[in-house]
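Notes for the structure review
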Amino acid sequence: MSYQQEAVLRDGASIVIRSVGSGDKQGLREMFSRMSALSINHRFFGAKRELTDADLRWLDREDSRQSALVAVNCRGTCDRILGLGRYIVSDKKPDLAEIAFDVGDADQGRGIGTLLLDHLARNARSRGVTVFRALVEADNAQMLEVFARSGFPVHQQLDERIFRIDIPIAETDRFVSLAADRERRAAAQSLRAIFAPSSIAVIGASRTPNTIGRAILDNLVRDGYRGQIYPINPTAKELAGRPCFASVKDVGAPIDLAVIAIPAQHVEAVLLECASVGVRGVVVITAGFAEASADGRIIERRLRDIARAAGMRMVGPNCMGVLSTNPSVRMNATFSPIYPPAGSVSMVSQSGALGLAMLDHARSSELGIADFISIGNKTDVSVNDVLSYWHDDPNTRVIALYLESFGNPRSFARLAPQVAREKPIVAVKSGRSAAGTRAASSHSAALASLDVGIDALFAQTGVVRVDTLEQMLDVVALLSSQPVPAGPRVGVVTNAGGPGILLADACEAHGLALPRLTDATLAELRAILPAHAGLSNPIDMIAAAPPEHYEAVIEIVGRDPNVDSVVAIYVPPLVTNPEEVASAIARGAGKLPAHKPLATVFMSSKGTPELLSRGPRGRLPSYTFPENAALALASAVGYGAWRRKPIGNHWKPAAEHEQAIRARVRAWVAENPAKSWLPIEEIEALLALVGVRVATHRRSPPFPEAAAVAARELAFPVVLKAIAPGLLHKSDVGGVVVGLADANAVHEAARAMHAKLPALTGFIVQPQVPRGVEALVGMTYDPSLGPLLVTGIGGTAVELYKDVAFRVTPLTDVDAREMLDSLRGRALFDGFRGGPAADRDALIDVMLRIAALIELVPELVELDLNPVMVLPPGLGAIVVDARMRLQARA
């Protein structure tokens, strides 16, 4: 089977990992020629002058026992092979494979061997291999390091000067974590030429004012870009006081970044020129590609192929550019005239127009920006790449995202939590409408509206989701300047009762609380405030409150142990000076405990005085209305709660069970490549391999007498279920009868069922499971996000009540508990109104095992376990009815 995946090396260069073929003989010989005598000796345990036809004979031989992958990049039209990895399965032990690598000396140390090992292990696991074995000379330090840094456990035994190394290749949590970290660091390195270039070529720089190419050139010059600027225009000699060049080939100096703003029909040729001279990054401003037409999509794919083949990262096309306020860079490579104040917020926008609005608001509200990027069609550089870069960027404290679609949500799900545990991510994701809701045949699919997957993804990964750009900027203003609140308790200081009440209402609506202050705090407040001031939180200091009251009350309320954050509201009356109050609030903020944030509401048509941000804490977030402050605080509180919770653990089946599952699925899909519902026996076998209990059953032909015979093999009472083509929800058509006490009752029920359903092909008879709480555990496939696990209150009314929660797999035990806690009917598991409690831990265990099955079976497109009968504590949970559909993946 042909294999091809893109990857990024440790130094940021892009490569392709693909299957080796017979056409690679010359390329492998050339790679061998770049290996030193020492490298050759390490690989072949002796001297060797060249690769012969005999050495490469395996390339022409079809063999299911072996697999080989090459790492390639491209210069011009030919693949250049950087490395080769190969394994051969043992004749005696089919779960063991011997592995070896070849990498040219100049390319060693770039992470090629590690990547080849990762991809070969993925391939080998699918064939039932569990252990790689390598023979390595004791002085081959680089190869030993590849294995040691892989994330796999390494068992080595020295025999004279040769290490025999055994590597179990199961995908452990440690391996997944280290592999994700390698991927993140490599992606970050690849973007340094985008965000911190030492030289920029502006291709399409023009003499004509008000053109995009001229605007970009002028912005770079005006805003003080620190590196070299090379205007590219074939008809000009000089632009903006700098020599102009006909093409990048004429510059004669290294170019880190090329910004392309020329007609669409010329972009491909110019990109090839950039590749030929070693440009490291490009920003394609030009529109008219995938967003415009089918032909445009084809051309855009070619642009991506050119960039990736050259190891060159590409932003866009159809974007507005990149900006960095880093003092050592000062780059405005956009066509926006706005250069925002420097700060700690980094922003990415998929929309150029909204990107302009974001920059404009940042400048008008004095929100400090570190980096800004408009990714446009995100043909190459994605949100995931940008997150990887900002994760380690010391200038970035908060990340703001405007998204219209996801490129690789599975990678996002792995990456975002790593970033969010250190830096808040605030996102607006458009597309909440129901226009994309799919028709669905299972409960799990029918319950998944268009947007629940995004909510689930963000909830798991710690991303703060907001509905509007205004809300996003409000939240970012707080998180970029204040500590994350330790809890939801808010102390409010105001000079007007009405706004305080509005804030209290908004806080309650968003899950915040206004606690009673301690007696000691109230005593301090009484000592300085007039007798008619309100002290019941909100603290209403009355309209005539002087500036010194703001300073003192903020300090007193902020010290209260019942308060996690403070909001100061000011409505400018005639008797006080707003500037003096702003200065007092800023001084009061400086006296708060370092871990408690302060937000302000300055309800003035003149806006927020600059003095508000000149205190010891620097810039203070200020909002025009109380509701904005409440939402920002609630978002920050939710983020803090996510960051404090434990990461949790996944459940994984034993390696032999994984292999058995994959074998059954491969066999079934090979015989049934289209979407197909599995028979109950096949479902039970798969569930048994992940340790999920299923109610015993007997299948019978579609005759009442046969159903009665089957029932006698079980303990009464029993349940009778119909089997018929296309019969998905049996209870809707009378296809389920419960509580049948003896064989005669089964016979009569089967006869009546046959009369109603003449297309019957058989019956299922099950012992009636003891009563418990009926739950649903299922899965549906979202075309944007992949598989979604669903859990909720089950039974026949599941779609009526829609009391369900969704999460993206893989699932941790922490995720599973959160899912159950989010249900409206969660009290049922604790014994609602005197009813019996249910085994919540057993249901969580089922959820984790099903999540592991989903991860193992990418062919799974729909799954319903409904009901899962959750028995009293200690008695477990039993699947009563199950449906599963598989489809071959491309």
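See the structure shown above.
Described below are features of the structure shown in this document. (Residues numbered from 1 in each chain as written. Predicted model: local features only at pLDDT ≥ 70, side-chain atom pairs only at ≥ 80, totals over all residues. Heavy atoms only, no water.)

Remarks on the overall build of the protein
We count it as follows: Where helices and strands are cited, they refer to DSSP runs of H or I of at least four residues and of E of at least two residues respectively, numbered from the N terminus. For the radius of gyration, the atom set is restricted to C-alpha positions; the globular benchmark scales as 2.2 Å times the number of residues to the power 0.38. The cut-offs for exposure are 20% and 50% of the maximum accessible area for each residue type, with area from a 1.4 Å probe on protein chains only; residues under the lower value are buried, those over the upper are exposed, and the others partly exposed. In this description, contact between two residues means that some pair of their heavy atoms is separated by no more than 4.5 Å. Neither His nor the chain ends is counted toward charge; the positive residues are Lys and Arg and the negative residues Asp and Glu. Charged groups are reduced to one reference atom each: NZ for lysine, CZ for arginine, CG for aspartic acid, CD for glutamic acid.
Across its full length, the protein carries 27 helices and 38 strands. Here the C-alpha atoms of the protein give a radius of gyration of 32 Å, agreeing with the 29 Å that 2.2 N^0.38 yields for 890 residues. The dimensions of the protein, computed from C-alpha atoms along their principal axes, are 95 × 85 × 60 Å. Sorting the 890 residues of the protein into buried and exposed places 54% on the buried side. Once local pairs closer than 6 in sequence are excluded, the contacts in the protein between residues at least 24 apart make up 70%. Of the charged side chains in the protein, 94 are positive and 95 negative; the average position of the first set lies 2 Å away from that of the second.

Overview of unusual backbone geometry
Residues Phe716 and Pro717 are joined by a peptide bond in cis, for which omega reads 0°. Relative to the helices and strands, Pro717 resides in the loop between helix H23 (704-712) and strand E30 (718-723). Cis geometry marks the peptide bond from Thr809 to Pro810; its omega dihedral reads 5°. Of note, Lys378 is a non-glycine position whose phi angle comes to about 40°, a positive value.

Points about the sheet that holds strand E27 (residues 622-623)
Where we set the bar: Think of it this way: DSSP has to see at least two bridges between two strands before they count as a pair.
Read across the open sheet, the five strands follow the order E24-E23-E25-E26-E27; overall the sheet is parallel. Looking along the sheet, the strands with just one partner apiece sit at the ends: strand E24 (539-540) and E27. Pairing geometry for strand E26 (residues 598-602) and E27, over two bridges, is parallel. Along E27, the bridge assignment pairs Thr600 with Ser622.

A short note on the sheet that holds strand E31 (residues 736-740)
In a beta sheet, neighbouring strands pair by backbone hydrogen bonds and run either parallel or antiparallel. We apply this condition: Axis geometry follows a simple rule: fit a line to the C-alpha atoms, using only the stretch in contact for helices, then measure angles between N-to-C directions, giving values from 0 to 180 degrees.
With antiparallel pairing, four strands are arranged side by side in an open sheet as E29-E32-E30-E31. Taken across any chain shown, the strands that pair with only one partner, and hence form the sheet edges, are strand E29 (698-700) and E31. Each strand axis lies, on average, 20° off the axis of its neighbour in the sheet, ignoring direction. Examined bridge by bridge, E29 and strand E32 (residues 762-767) share three bridges and lie antiparallel to one another. Note on E32: the bridge partner recorded for Arg699 is Ile764. H23 rests against E29, E30 and E32 of the sheet, and its axis sits at about 25° to E32. Contacts from helix H24 (residues 743-756) reach E30, E31 and E32 within the one sheet, and its direction differs from that of E30 by about 25°.

Considerations on the side chain of His42
Position of His42 relative to the elements: it lies in helix H2 (residues 37-44). In this structure His42 comes out as buried when scored by relative accessible area, which is 11%. Excluding anything up to four places from it in sequence, His42 contacts Glu137, Asp139 and Asn140.

Focus on the packing of helix H16 (residues 497-509) against helix H20 (residues 626-644)
Geometry of a packed helix pair, given as the angle between the helix axes and the separation of the axes. For the record, the criterion: Two helices that cross are described as forming a left-handed crossing if the nearer one is turned anticlockwise from the farther one by less than a right angle, and a right-handed crossing if clockwise. Note on residue classes: Ala, Val, Leu, Ile, Met, Phe, Trp, Tyr, Cys and Pro are nonpolar, Asp, Glu, Lys and Arg are charged, and everything else, Gly too, is polar.
For the pair H16 and H20, interaxial distance at closest approach is 8 Å and the crossing angle is 35°. Considering how the two elements wind past one another, H16 and H20 form a crossing that is right-handed. Where H16 abuts H20, its residues Pro499, Leu502, Leu503, Ala506 and Cys507 lie against Pro626, Glu627 and Ala630. Here the contact of H16 with H20 is built from residues that sort into seven nonpolar, no polar and one charged.

Observations regarding the environment of Phe147
Mapped onto the elements, Phe147 comes out in helix H4 (residues 141-148). You can call Phe147 buried: its relative accessible area is 2%. Each C-alpha atom of the pair Phe147 and Val571 lies 65 Å from the other, and the pair is 424 residues apart in sequence. Other than its neighbours up to four places away in sequence, Phe147 contacts Phe101, Leu117, Ala134, Val136, Phe152, Val154, Ile165 and Ile167.

Here we look at the pattern of salt bridges
The test is simple: Any Lys or Arg side-chain nitrogen found within 4 Å of a carboxyl oxygen on Asp or Glu counts as a salt bridge.
Counted according to the given criterion, the structure contains 50 salt bridges. Among the salt bridges present, the one from Glu6 reaches Arg308, with a minimum N-O distance of 2.9 Å. Placement of Glu6 in strand E1 (residues 4-8) and of Arg308 in helix H9 (residues 294-309) is noted, with a sequence separation of 302 residues between them. Owing to a relative accessible area of 11%, Arg308 belongs among the buried residues under this scheme. In this structure, Arg414 engages Glu183 in a salt bridge whose closest nitrogen and oxygen atoms are separated by 3.8 Å. Within this pair, whereas Arg414 is found in helix H12 (residues 409-420), its partner Glu183 is found in helix H5 (residues 173-190), the two being separated by 231 residues in sequence. The structure contains a network of salt bridges with shared partners spanning Glu6, Arg304, Arg308, Arg313, Asp380 and Asp385.

Some thoughts on the packing of helix H17 (residues 519-528) against helix H18 (residues 547-559)
Just so we agree on the cut-off: Note that the term roughly parallel is reserved for angles under 35 degrees, roughly antiparallel for angles over 145, roughly perpendicular for angles of 65 to 115, and oblique for everything else.
In contact at an axis separation of 9 Å, H17 and H18 are set at 170° when each is read in the N-to-C sense. In this view, H17 runs roughly antiparallel relative to H18, as classed from their interaxial angle. In this structure, H17 contributes Thr521, Glu524, Leu525 and Ile528 to the contact, and H18 contributes His549, Ala552, Val553, Ile556, Val557 and Arg559. Considered class by class, the residues forming the contact of H17 with H18 number six nonpolar, two polar and two charged.

Observations regarding the nonpolar core
This is how it is decided: Residues belong to one nonpolar core when they are buried, are Ala, Val, Leu, Ile, Met, Phe, Trp, Tyr or Cys, and are joined through side-chain atoms within 4.5 Å.
Within the largest apolar cluster, 108 residues are counted, with the highest numbers of intra-cluster contacts made by Ile373, Leu401, Phe412 and Met472. When residues in this core are grouped by element, the largest group, 10 residues, is from H20. Not counting chain neighbours up to four residues away, the residues in contact with Met472 comprise Met358, Ala400, Leu401, Val426, Val428 and Val466. Counting 47 residues, the second-largest nonpolar core is a separate cluster that includes Ile683, Leu789, Leu820 and Val870.

Notes on the environment of Ala310
Its place among the elements puts Ala310 in the loop between H9 and strand E15 (313-315). Sequence separation between Ala310 and Arg280 is 30 residues; the distance between their C-alpha atoms is 8.6 Å.

Description of the state of the cysteines
We apply this condition: Only a pair of cysteine sulfur atoms within 2.5 Å counts as a disulfide in this structure description.
One pass over the full model with this rule turns up zero disulfides. The thiol sulfur of Cys319 is not disulfide-bonded, and the nearest other cysteine sulfur, from Cys274, lies at 14 Å. Here Cys319 falls in the buried class, since its relative accessible area comes to 5%.

Notes on helix H14 (residues 452-461)
Across the 10 residues of H14, seven count as buried, placing the element largely inside the fold. Within H14 the residues assigned to the buried category are Gly453, Ile454, Ala456, Leu457, Phe458, Gln460 and Thr461. With its phi angle positive at about 85°, Gly462 sits one or two positions after the end of H14.

Points about helix H10 (residues 352-364)
Residue pairs three or four apart in sequence face the same way in an α-helix, which turns once every 3.6 residues. So the rule is basically this: Expected span of a helix: the number of residues minus one, times 1.5 Å. Two N or O atoms count as a polar contact when they lie within 3.5 Å, although within protein this holds only if one can serve as hydrogen donor and the other as acceptor, and sequence-adjacent residues are included solely when both atoms are side-chain atoms.
The end-to-end C-alpha separation of H10 is 19 Å, in line with the 18 Å expected for 13 residues at 1.5 Å each. Residues of H10 that are buried make contact with strand E18 (342-349), strand E19 (369-374), strand E20 (398-403) and helix H15 (469-479). By the N-cap criterion, in which a side-chain oxygen at the helix start approaches the backbone nitrogen of a residue two or three places on, H10 is capped by Ser351, the distance to Ala353 being 3.4 Å. Looking one or two residues beyond H10, the residue adopting positive phi is Glu366, at roughly 60°.

Focus: the packing of aromatic side chains
The criterion, for reference: Note on aromatic pairs: the rings of Phe, Tyr and Trp (six-membered ring only in Trp) are paired at centre separations within 6.5 Å, and the planes decide the class, stacked below 30 degrees, edge-to-face beyond 60, tilted for the rest.
Under the counting rule described, the total for this entry stands at 11 aromatic pairs. Note on Phe32 and Phe44: the rings are 6.0 Å apart at their centroids and 65° apart in plane angle, and the pair reads as edge-to-face. Of this pair, Phe32 sits in helix H1 (residues 25-33) while Phe44 sits in helix H2; the two residues are 12 residues apart in sequence, bridging distant segments of the chain. Aromatic pair Tyr570 and Phe602: ring centres 4.9 Å apart, planes at 40°, arrangement tilted. In this pair, Tyr570 is assigned in strand E25 (residues 565-570) and Phe602 in strand E26, connecting sequence segments 32 residues apart.

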